[in-house]
Structure formats: C-alpha cells, structure tokens
Amino acid sequence: SATGVIKCRAAVAWEPSKPLVMEEIEVAPPQAHEIRIKIVATGVCHTDLYHLFEGKHKDGFPCVLGHEGAGIVESVGSEVTKFNPGDKVIPLFISQCGQCRFCKSPKTNLCEKGWYDVMSESDTRFTCKGKKVLQFMGTSTFSEYTVVNEIAVAKIHPSAPLDKVCLLGCGVATGYGAALNTAKVEPGSTCAVFGLGAVGLAAVMGCKNAGAKRIIAIDINPTKYEKAKVFGATEFVNPKDHNKPISQVLHEMTNGGVDFSLECVGSVAVMRSALESCVKGWGVSVLVGWTDMDDFAARPIQLIAGRTWKGSLFGGFKSKDGVPKLVNEYLEKKVKLDEFVTHNMTLAQVNDAIQLMQTGDCIRSVLSVALQ
C-alpha cells in the first residue's frame, strides 16, 4: 500500500519553447485506482517536442513531459487488485477502461475515460516549488516517479528489459500497428512509408511482418536508408532527388501507385502526397504522424476513384491488451526494438536528446531515469 509523498528528480517544462529544467518535485501517493511507478527508462518522442514547441496549449505549463516510458510499481492506491509493488509496467497515454462503448467495440482502441484534453486536466500528483505541475498525457515519464490510473498501465513480462520495451509505450507500437491493424497490409502487396523516424521504421517493420513484397521507404535524409533496410525496406526514394512530385515517381515505379501508404511525418503536405501515391481502385493511405495545426486537403476524385484515407492512433492497439503482447513478441524476437535505439543518455541530458531529435540525428534516444 502507498506510503507518503516521494521527493525525486524530474525534468520540468516551465514554459513553452524553453529548455527543460531538472528540479526536485514532490510526487503524492496514489489515490484510489492509481499506481505510483518508479520510471526506469523513457524514450523521447516527437510528440513531446510538439507540445513543447508547437502545441496550442499555452496553459499546459508547467508540466512534466514524456509518455514513452517503462518502470516498476512502487505502490498502489486503494481498490487496485491487479498490480503489486515490484511489477514491471508500461504507463499508457491511451487508457483502456474496459467498460465504455469504445472499449467494448472491436472497431477502435479509443477509450472514453482518456486524458484527451489532457492539458486542461488540472488533476495532478506533482508539485514543485509550491506550484502544481501538470502531467503530460496522464503519464509524465521524464520523472523518477509518476502516478497513473490503473486503466492506463500495462503489466508486462517480468524478464522484459525496460530500456528497450519503453519504446512500445508510443513510437514503435504506433508505426507497427498502423501497418498491421489500420492499413491491414496484405501479403504480396506494395507499400510506401513516408518519414523514417522511429514511427516510420516501425511501420516498415509492420509491412514486412505482414508479408509485403515491396516496401518503398521515403525520406529527405539519405542516411535513413541503411536503417530502413534493417527493418525490411526494399527500396529508398529521396524526394529531393526528383524534379517531379513524389507521387508521380511512385506511380512510375509501381505501375500506377502503391497498395498501401503510411504517412509518418505529421505534415499535411506529405499526407496529401501519400494519398496521391496510392493506386486507384483499392489504395489505402493511413495518417500516422501526429499534428493538429493545419487542415489537410485533396481532390475528391482521389477518394471517388476508390482510395481510402484513414487515421491511426497508437497503432490501433487496445492499450492494456496490446502492449503486453508486443513485449512478448519482442522477447520472442518477432519485433525488433534494439535497432531503434541510437543514443543512450540519462534524464539529466534530456535537452541534448531533444536537440538530437530536432536535427534528425537520432532515431530514438533512451534516457535512463532510475537504476533498477
């Protein structure tokens, strides 16, 4: 059962577009249905940067960012029966209450009890210097300890290496599932993946595991091709090497367009290119990159001619069900994780990790937060 307040280190975002600051924060005990987790490792994801630099939630500060972590249960609040101190867990930014109409439907992985307007959610277990500090996406993994509702925690295999499986808390599950669950890539098909960060490379891996015959990886950074090959890409196209639209290049390469395309950038211009790269009649294009800044657009004829345009959140995985299974698939070597990690750092180096991601010099930096 839960003891008192814990004082620990966390990287606090005091205001938008400013470096994070290592601070001592207080983490309150878990309340009913809550779990206090000692975070062992966390990835740095583009969505953390998006909130820090581009998000519209100016009232969403101060906060502790981070939503791609893994750790160990420190204590549990009342009413918690399925978790015990010492369990290995992954906090989830998509809850799965199991009771709402979305959880009961096989058609979606959304949950009505989600944090979704998270930054208006002023209920937090963090304080620093006498101020409330908000929890980003209900998780906040850039802290040595965090408190999460049990409907947003996945209990995972006890032998799972936390510094690898943390990536299943967002990026890898997002891209991998977008190919398998949302696009439903078919054996023998031709796929195109736009954007070769962690999400895009995971989408490439999903296409390969689904049995795609051709997987065309697309990025304006040519150094990404060698990485993409590791995950199963068969070809690479750099839009900068061509003086015509990338969709035209792909049409010429594939006799009229690809069967499946996945946009893993978060750019509405790229979303349009990805749709237009699909073959008419049955082409499916999936929006995977996270953005809420601009409208997307395309000519109606694109859809009238038989293409499908859809979106994917967290790869379509129901979170509490899906993440433990993905961890097991990693342990069985069906899913790669180690190959995504290009940098290992400590939580105190989080600003360096953010800078690496802004320059595109890394796939994933994993920060060690607490010693196991």
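Higher on the page you've got the structure.
Everything in this summary refers to the structure shown in the same document. These figures come from a predicted structure and were not determined experimentally.

## Looking at the pairing of strand E18 (residues 364-368)
With respect to burial, E18 is a largely interior element, four of its five residues being buried. Judged from the three bridges that link them, strand E3 (residues 34-43) and E18 form a sheet pairing that is antiparallel. In the strand pairing of E18, Gly43 is matched with Val366. In this sheet, E18 lies alongside strand E17 (residues 341-346) in parallel orientation, the contact comprising five bridges. The residue bridging Met345 from the neighbouring strand is Leu367, located in E18. Handedness of the crossover is the feature at issue here: the chain leaves E17, passes through helix H10 (residues 350-359), returns alongside E18, and the resulting connection is right-handed.

## Here's the deal with the pattern of salt bridges
Considering all chains together, one arrives at twelve salt bridges under this definition. The salt bridge involving Asp87 is made with Lys155; its shortest N-O contact spans 3.5 Å. Here Lys155 lies in strand E10 (residues 153-155) and Asp87 lies in the loop between strand E5 (69-76) and strand E6 (88-91), a separation of 68 residues in the sequence. Since its relative accessible area comes to 14%, Asp87 is described here as buried. With a closest N to O distance of 3.4 Å, Lys229 and Glu226 form a salt bridge. On the criterion of helical spacing, the pair formed by Lys229 and Glu226 is a turn pair, its members being three residues apart in helix H5 (residues 224-231). Judged by relative accessible area, which is 39%, Lys229 ranks as partly exposed. By relative accessible area, Glu226 is classed as exposed at 52%.

## A short note on helix H3 (residues 171-183)
With 13 residues, H3 should reach 18 Å at 1.5 Å per residue; the first-to-last C-alpha distance of 17 Å fits that figure. The largest bend along H3 reaches roughly 45 degrees and is located at Gly177. With eleven of its 13 residues buried, H3 lies for the most part within the structure. Contact partners of the buried residues in H3: helix H4 (198-209), strand E14 (260-263), strand E15 (284-287), strand E16 (308-311), helix H9 (319-331) and E18.

## Overview of the sheet that holds strand E7 (residues 126-128)
Spatially, E1-E2-E7-E8-E4 is the arrangement adopted by the five strands of the open sheet, whose pairing is mixed. Edge positions in the sheet fall to strand E1 (6-12) and strand E4 (63-64), since each has one partner strand and no second.

## A word on the nonpolar core
Across soluble globular proteins, nonpolar side chains have a tendency to be buried as a group. Ranked by internal contacts, the top residues of the largest apolar core, which has 108 residues, are Leu20, Phe142, Val165, Val185, Cys207, Leu262 and Phe340. Among the elements that line this core, the one with the most residues is H4, at eight residues. Contacts of Val185, omitting those with residues within four sequence positions, involve Ala179, Cys191, Cys207, Ala210, Ala212 and Phe260.

## Points about the packing of aromatic side chains
One pass over the full model with this rule turns up four aromatic pairs. Taking 5.3 Å as the distance between ring centres and 80 degrees as the angle between the ring planes, the aromatic pair formed by Phe93 and Phe314 counts as edge-to-face. Of this pair, Phe93 sits in the loop between E6 and E7 while Phe314 sits in the loop between E16 and H9; the two residues are 221 residues apart in sequence, bridging distant segments of the chain. Taking the relative accessible area as the measure of exposure, Phe93 reaches 6% and is therefore buried. Taking the relative accessible area as the measure of exposure, Phe314 reaches 2% and is therefore buried.

## Section: helix H1 (residues 46-54)
When H1 is considered as a whole, its buried residues turn out to be Thr47, Asp48, Leu49, Tyr50, His51 and Leu52. Buried residues in H1 make contact with E3, E4 and H10.

## Quick look at the side chain of Glu235
Counting through the fold element by element, Glu235 comes out in strand E13 (residues 235-237). When its relative accessible area of 19% is taken as the criterion, Glu235 is described as buried. Here Glu235 is in contact with Arg214, Ile215, Ile216, Ala217, Tyr225 and Met253, once residues within four sequence places are set aside.

Rules used throughout
- Throughout this description, residue numbers start from 1 for each chain and increase along the sequence as written.
- Restriction of local features to residues with pLDDT of at least 70 applies here, the model being predicted, together with a cutoff of 80 or more for giving and counting side-chain atom pairs; totals for whole chains, interfaces and linings are based on all residues.
- Excluded from the side-chain calculation are hydrogens and water; included are all heavy atoms of the structure.
- Three labels apply to residues, based on accessible area from a 1.4 Å probe with only protein chains included: buried if under 20% of the type maximum, exposed if over 50%, partly exposed otherwise in between.
- Helix and strand definitions here come from DSSP, where helices need a minimum of 4 consecutive H or I residues and strands a minimum of 2 consecutive E residues; each element is numbered from the N-terminal end.
- DSSP bridges decide pairing: two strands pair if at least two such bridges lie between them.
- Every crossover in which the path from the first strand over the helix to the second runs clockwise, viewed with the strands pointing away from the viewer, is termed right-handed.
- We define a salt bridge as a side-chain nitrogen of Lys or Arg found within 4 Å of a carboxyl oxygen belonging to Asp or Glu.
- Helix span, expected: 1.5 Å multiplied by one less than the number of residues in the helix.
- The angle separating two fitted axes, one through the seven residues that finish at a residue and one through the seven that start at it, defines the bend at that residue.
- Only heavy atoms enter the contact rule, under which two residues are in contact if any of them lie within 4.5 Å.
- Buried Ala, Val, Leu, Ile, Met, Phe, Trp, Tyr and Cys residues form a nonpolar core when they are joined through side-chain atoms within 4.5 Å.
- Stacked, tilted and edge-to-face pairs are distinguished by plane angle, under 30 degrees for stacked and over 60 for edge-to-face with tilted covering the rest, among Phe, Tyr and Trp rings (Trp via its six-membered ring) whose centres lie within 6.5 Å.

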